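Structural description and commentary
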Amino acid sequence: MQKKLFAAMCSAVVLTACVGMPSTEVDRQMGQQAAQSVANDMGLVDDPALTAYVDSVGQRVAAALPNRQFNYRFAVVDQVEPNAFAVPGGYIYVSRGLLSLLRSEDELAGVLGHEIQHVERRHSVRQMKKERRLGLLALPGELVGGIISDDLATLAGKPFEAVAAGYSRDQEREADALGQPLAAAAGYDPQAIASILDRMEHFIETMTEEKRAPTFFDSHPSTPERVATLSRNAAKLTPTTAPHVAADEAAFMKKLDGLLIGPDPTEGLVHDQTFVHPALGFRLVFPKGWLVENTRKTVNAMAPTKDGIAAFGLAGDGTAEDLPKIAKAFSEKLARKYRSTPQQIEGKTAGGLPAQALYLTDKSGKEPVHLYFLWLVMDHKIYQMIGLAPDSQRALVRSIADSLRPLSDNERASISELRLRVLGARSGETLPAVSKRAGGSVAAAVLAAMNGVTESVQFKGGEWVKVPVRTAYRAPR
């Protein structure tokens, strides 16, 4: 995406501007395209009240900029992992995973102040670092390379790659140094950014059961270093006096109550090696050991050796009568573009659904690579699977398509989701006791990390506690 954006940037401004630092109009053009990719490929949380709240806090922080260059827009991205990022031109996102870790509006403001400064200092445009997500798929062979860069990328919608992924350590330090006083100028506690960074680090360590050892090549300064520096700087800052957007802690916590914090079943779920999609009513099973990734457009899988690939996603509207035409048109494209002819085209069924399959082998690389294409119809929509594999993975790729079948009633009924429940602790209550009263579904260590307390804490009474609760999934109407 960055290559495409950079090309658009250079076509929009004079060449001399591209040689040096381009105008801020370039940031706006880049941001518009990137924001569309975020919405389409990552997805935004459909909660108008929560989004409006995050935007209100962000607008208040941005208003404290002395000479701001951009109009800002703040949104909640549909991402389980705790994260916040900005794209050029004033588009700033926090994940629902990050919101679940917050304890105060001050922490949210601190995070947004940091991201605002990335935008104001134009770090993305300065860095312009290329990172190709499909780099691992670069198998040899003219046909395979073309399929990866064209058909597979089209099916996957060219998943979003954050333009800001390449921030340098100095840029992160600069965003810390400028974002913290910005939040204070907007009336927020400058210590809060250190608190949420420390909690996020502890939460990640708890979830992964390992500490992340910083290296010289890390793009970010190590979190303990950042927390220590931010804590020292906070002591030198005095926030302005102004009421928060949320009147008090209770009002803030109420905004998080009911927040979806696990994977969204509406977009499909991956459990072990099985992908289930309750809305579409089917399941796929991937080979043992394969890395499976679910996106809004496709579910993708890759062999541990990175030489077997499969992607399944929506190709468009259509009926069973369209399938032979699609296979024929694709075959003609292969002949025209790659001078290649499929070894086999067949009509079949997949999971009881009408389907069309096409097979061929690319022999132009160091070793033969087998390609498998499948189109099938569900509810007047055509879904496509693309598989690529050498001889060693050929049968496994084929087995993925053969595993497709409708969900049973029991499988549908077993699908659940994880949501946040916020409740007040009682005097003398322990963390496990609060979790039990709420119907909690996570380990005490995770619960403690999420709330920024120890597992042995004994509450005085009245403290707000966030508890993830698992409930039966109910499809949106």
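Notes on the structure follow. (Residues numbered from 1 in each chain as written. Predicted model: local features only at pLDDT ≥ 70, side-chain atom pairs only at ≥ 80, totals over all residues. Heavy atoms only, no water.)

1. A word on the sheet that holds strand E6 (residues 282-285)
Quick reminder of the rule: Two strands are counted as paired when DSSP detects at least two bridges linking them. In this text, helices come from DSSP runs of H or I with a minimum length of four residues, and strands from runs of E with a minimum of two, each type numbered from the N-terminal end.
An order of E4-E5-E6-E14 is seen for the four strands of this open sheet, with the pairing classed as antiparallel. Bordering the open sheet on either side are strand E4 (269-271) and strand E14 (405-406), each of which pairs with just one other strand. Bridge count for E6 against E14 is two bridges, and the pairing is antiparallel. Within E14, the position partnered with Phe282 by the bridge is Pro406.

2. A word on the nonpolar core
What tends to happen in soluble globular proteins is that the nonpolar side chains get buried as a cluster. The criterion, for reference: Among buried residues, those of type Ala, Val, Leu, Ile, Met, Phe, Trp, Tyr and Cys that are joined through side-chain atoms within 4.5 Å constitute a nonpolar core. Per-residue accessibility, obtained with a 1.4 Å probe over protein chains only, is compared with the maximum for each type, and a residue is labelled buried under 20%, exposed over 50%, and partly exposed between these values. Residues are treated as being in contact if the distance between any of their heavy atoms lies within 4.5 Å.
Membership of the largest hydrophobic core comes to 51 residues, with the highest contact counts inside it found for Tyr72, Ile92, Val94, Leu99, Leu108 and Ile116. What Leu108 contacts, discounting residues up to four positions off in sequence, is Tyr53, Val54, Val57, Val94, Leu99 and Leu102. Core analysis: the second largest hydrophobic core is formed by 26 residues, Tyr359, Leu374, Met378 and Ala389 among them.

3. Topic: the packing of aromatic side chains
Quick note on the threshold: When the centres of two rings from Phe, Tyr and Trp lie within 6.5 Å, Trp using its six-membered ring, the rings pair. Their planes under 30 degrees apart give stacked, over 60 give edge-to-face, and anything left gives tilted.
For the structure shown, the criterion picks out ten aromatic pairs. For the pair Phe330 and Trp375, a centre-to-centre distance of 5.5 Å together with 65 degrees between the ring planes defines the contact as edge-to-face. A residue pair is termed long-range when its members are at least 10 positions apart, and Phe330 in helix H13 (residues 323-338) and Trp375 in strand E12 (residues 369-378) qualify at 45 residues. Among the residues examined, Trp375 registers a relative accessible area of 3% and is labelled buried. An aromatic cluster of at least three residues, connected via ring pairs, comprises Phe275, Phe282, Phe312 and Tyr383.

4. With respect to the environment of Arg73
Examined against the element boundaries, Arg73 turns out to sit in strand E1 (residues 73-77). Each C-alpha atom, one on Arg73 and one on Tyr93, is 8.5 Å from the other, the two residues being 20 residues apart in sequence.

5. Overview of the pattern of salt bridges
Two side chains of opposite charge can pair, provided their charged atoms sit close to one another. In plain terms, the rule: Just to be clear on terms, a salt bridge is a Lys or Arg side-chain nitrogen sitting within 4 Å of an Asp or Glu carboxyl oxygen.
What the rule picks out here adds up to 18 salt bridges. Asp402 is paired through a salt bridge with Arg398; the nearest N and O atoms lie 3.9 Å apart. Here Arg398 and Asp402 lie together in helix H14 (residues 394-402), a separation of four residues that amounts to about one turn. A residue is classified by how much of its surface remains accessible, and Asp402, at 48% relative accessible area, is partly exposed. Arg405 is paired through a salt bridge with Glu411; the nearest N and O atoms lie 3.0 Å apart. Of the residues examined, Glu411 reaches a relative accessible area of 18% and is grouped as buried. Residues joined by salt bridges that share partners form a network here, namely Glu346, Lys348, Arg398 and Asp402.

6. Comments concerning the pairing of strand E10 (residues 344-350)
Bridging between E10 and strand E11 (residues 353-362) involves seven bridges; their strand directions are antiparallel. Counted as the bridge partner of Ile345 is Leu358 from E11. In this structure, the hairpin formed by E10 and E11 is closed by a connection of two residues, where Gly351 is found at a positive phi of approximately 60 degrees.

7. Overview of the side chain of Glu429
The topology assignment puts Glu429 in the loop between strand E15 (416-424) and helix H16 (431-438). Among the residues examined, Glu429 registers a relative accessible area of 10% and is labelled buried. Dropping the residues within four chain positions of it, Glu429 is found in contact with Val434, Arg437, Val457, Gln458 and Phe459.

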